[in-house]
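Listed below, chain by chain, are the residues.
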Amino acid sequence: MNIVLVGMQWGDEGKGKIIDILSAKADYIVRYQGGNNAGHTVVVQNKEYIFHLMPSGILHKDKICCIGNGVVIDPAVLLKEINDLQKCGLHIGKRLKISTLAHVILPYHRILDQLRETKRTQKIGTTGRGIGPCYADKINRCGIRMVDLLNPGVLRQKLRDNLNEKNEIFKKVYGNPGFSFEKIYKEYLGYGREFGSSICDTAMLLNEAHRRRKEVLFEGAQGTFLDIDFGTYPFVTSSSTTAGGACIGSGISPVHIDKVIGVVKAYTTRVGEGPFPTEFSSRFGKIVRERGSEFGATTGRPRRCGWFDAVMARASVILNGISELAITKMDVLDGMPTIKVCTAYIYKGKRFTAFPHDFEVIKNAKPIYKEFSGWDKRPYKPSSYRELHPHAKDYLSFLKDHLRAKITMVSVGSSRQDTILL
Ligand code: GDP
Ligand code: IMO
Ligand code: MG
């Protein structure tokens, strides 16, 4: 069974935790888009791991983890992740495979990302990791790929051409001195040597694995509403975060995908700028942020919080072909007297039940809420669906019916064991 797992909101839904659990049954775990703008948290035996590029299945000692062609790789970040994991006693060795075709983030991508953001009047809230500029170079056909780091001649020529153009832009547009060829060239050839034995044709590797009936789990990063096409553009990331991205970003044909699982928080969060119709007032937002520890796993920025937006979540189910839902952070709602779900928006007297992509509408839309009775915090963590408070079950039952997808997992805490399987 080949499963794609995607975030259904604006990222940070708890994908890392769910991937870790599903990895127990998979043979291969594949990141297929995004880069180290992602921060996927896995908590095992009270130890917290945050993965930025490494697939979140790596803690399972016998699994192969792939970074697919659709990912943009900052080699220094990946190297640090590998070293940190090895310091924790985790053996990675040949378990990590990196696509020859994955594009590489260079220092000029990172700096450009940050400089462009400072110049924008309407900021995106980028993580500043160079993701957007790296994908832009890929599409512009001047990107540098992992395979290029293995070939000094190719790297030299591409880097020279790029710096000739980019240094002019840095100087003239941004008043920045630009970059030294020698320094970058040496550093990146070094990464080529470091990663050489892991760089391979991951598309063929995965297709061969599929032929041998191995199970592949595709780990989406970010979330549906950060998708470059379907997200709240321009407040999005630069990759295809929806399920279709799994095929493009790995080289596995759509005919081999068996199921798409959506991960969704029991409420909504967003980091960075952009419209957020169900956002809480700043006072209530602060309370929920603290209860849910809603601070970015990559940048540490406070996450904006709001009620569950079923207009968005329903669009997610449709766009991704989601048949199963993993609902996370149910425990954060414990003890709230009332819980709300947005089922439609109103803008200028018009009611929207389908997600409106017009920025003006989303920015000014007033949510229409359905209210649910809250539930008290129990002295113990529920370990089965039966043990959930009846009001929590009502809430989940509504979400299941409204979103027209089965709930197969309910998460009530950050650890592996705080998970109810249905
Ligand atoms: P991802 O980017 O989708 O992998 O999510 P993040 O790791 O960025 O953010 C999710 C945060 O919520 C992490 O700190 C997780 O440890 C934590 N988390 C995941 N599931 C639950 C849950 O059910 N309850 C609580 N309280 N925390 C959770
Ligand atoms: P995971 O995989 C939440 C947001 C940033 C910013 C916008 C663009 O952990 O869910 P970028 O760095 O791509 O230029 O940022 O997207 N963003 C995320 N928000 N979770 C993420 O990843 C995110 N990756 C990017 O905050 O608003
Ligand atoms: Mg995250």
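The structure presented is a predicted model; accordingly, all values stated were derived computationally and were not measured.

1. Looking at the domain arrangement of the protein chain
Now for step 1: Under the domain assignment, the protein chain is made up of domain 1 (2–100 + 199–261), domain 2 (103–195) and domain 3 (264–421).
Now for step 2: Its C-alpha centre places domain 1 at a distance of 24 Å from the equivalent point of domain 3.
Now for step 3: Counting across the interface, domain 1 meets domain 3 through three salt bridges.
Now for step 4: The salt bridge partner of Glu324 is Lys259, with a shortest N-O separation of 2.9 Å.

2. Remarks on the layout of surface pockets
Now for step 1: Approximately 960 Å³ is the volume found for the largest pocket.
Now for step 2: As for the largest pocket, its lining consists of 47 residues, of which Thr126, Gly132, Val236, Thr237 and Ser238 are closest to the centre.
Now for step 3: Elements represented by at least two residues in the lining of the largest pocket include exactly helix 3 (107–119), helix 4 (131–139) and helix 5 (152–174).
Now for step 4: The calculated volume of the second largest pocket comes to roughly 580 Å³.
Now for step 5: Along the wall of the second largest pocket there are 29 residues; nearest its centre are Thr41, Gly292, Arg303, Lys329 and Ser414.
Now for step 6: Only helix 1 (15–23), strand 3 (40–44) and strand 4 (47–51) provide two or more residues apiece to the lining of the second largest pocket.
Now for step 7: Top element by residues in the lining of the second largest pocket is strand 3. It accounts for four residues.
Now for step 8: A per-class count over the lining of the second largest pocket returns seven nonpolar, 12 polar and 10 charged.
Now for step 9: Two domains each put at least three residues into the lining of the second largest pocket: domain 1 (2–100 + 199–261) and domain 3 (264–421).

3. Side note on the packing of helix 2 (residues 75–87) against helix 6 (residues 181–195)
Now for step 1: The interhelical angle for the contact between helix 2 and helix 6, taken along N-to-C directions, is 40 degrees, at an axis separation of 10 Å. In this view, helix 2 runs oblique relative to helix 6, as classed from their interaxial angle. For the element pair helix 2 and helix 6, the recorded crossing hand is left-handed. Residue-level contacts link Pro75, Ala76, Leu78, Leu79 and Ile82 of helix 2 to Tyr188, Tyr191, Glu194 and Phe195 of helix 6.
Now for step 2: For the contact of helix 2 with helix 6, the per-class residue count stands at eight nonpolar, no polar and one charged.

4. Section: the packing of helix 3 against helix 4
Now for step 1: The geometry of helix 3 relative to helix 4 is characterised by a closest axis approach of 7 Å and an angle of 120 degrees between their N-to-C directions. As summarised for this structure, helix 3 and helix 4 are arranged oblique, according to the angle between their axes. Handedness of the helix 3/helix 4 crossing: right-handed. Across the interface between the two elements, Tyr108, His109, Leu112 and Asp113 of helix 3 pack against Ile131, Gly132, Pro133, Cys134 and Asp137 of helix 4.
Now for step 2: The class makeup of the residues in the contact of helix 3 with helix 4 is five nonpolar, two polar and two charged.

5. Examining the pattern of salt bridges
Now for step 1: Using the criterion set out here, one finds 21 salt bridges in the structure.
Now for step 2: For Asp74, the salt bridge is made with Arg110, and the minimal N-O distance between the two is 2.6 Å. A residue pair is termed long-range when its members are at least 10 positions apart, and Asp74 in the loop between strand 6 (72–73) and helix 2 and Arg110 in helix 3 qualify at 36 residues.
Now for step 3: Between Glu360 and Lys363 there is a salt bridge whose closest N-O contact spans 3.9 Å. With a gap of three residues between them, Glu360 and Lys363 both fall in helix 11 (residues 359–364), about one helical turn apart.
Now for step 4: According to the relative accessible area criterion, Glu360 is partly exposed, its value standing at 38%.
Now for step 5: With relative accessibility at 45%, the residue Lys363 sits in the partly exposed group.
Now for step 6: Because the salt bridges share partners, they merge into one network encompassing Asp12, Lys265, Glu294, Arg303 and Lys329.

Reading guide: rules and limits
- Residues numbered from 1 in each chain as written.
- Chains lettered and ligands numbered in written order.
- Predicted model: local features only at pLDDT ≥ 70, side-chain atom pairs only at ≥ 80, totals over all residues.
- Heavy atoms only, no water.
- Domains from an automatic or database assignment.
- Salt bridge = Lys/Arg side-chain N within 4 Å of Asp/Glu carboxyl O.
- 1 Å grid on protein atoms, 1.4 Å probe; cavity = no way out; pocket = protein on both sides within 12 Å on 5 of 7 lines; lining within 4 Å.
- Points joined across faces, edges and corners; volume = space filled by probe spheres on them.
- Helix = DSSP H or I, 4+ residues; strand = E, 2+ residues; numbered from the N terminus.
- Nonpolar A, V, L, I, M, F, W, Y, C, P; charged D, E, K, R; others polar.
- Axes fitted to C-alpha atoms, helices over the stretch in contact; angles between N-to-C directions.
- Parallel < 35°, antiparallel > 145°, perpendicular 65-115°, else oblique.
- Left-handed = near helix turned anticlockwise from the far one by under 90°.
- Contact = heavy atoms within 4.5 Å.
- Buried < 20%, exposed > 50% of the residue type's maximum accessible area, 1.4 Å probe, protein only.

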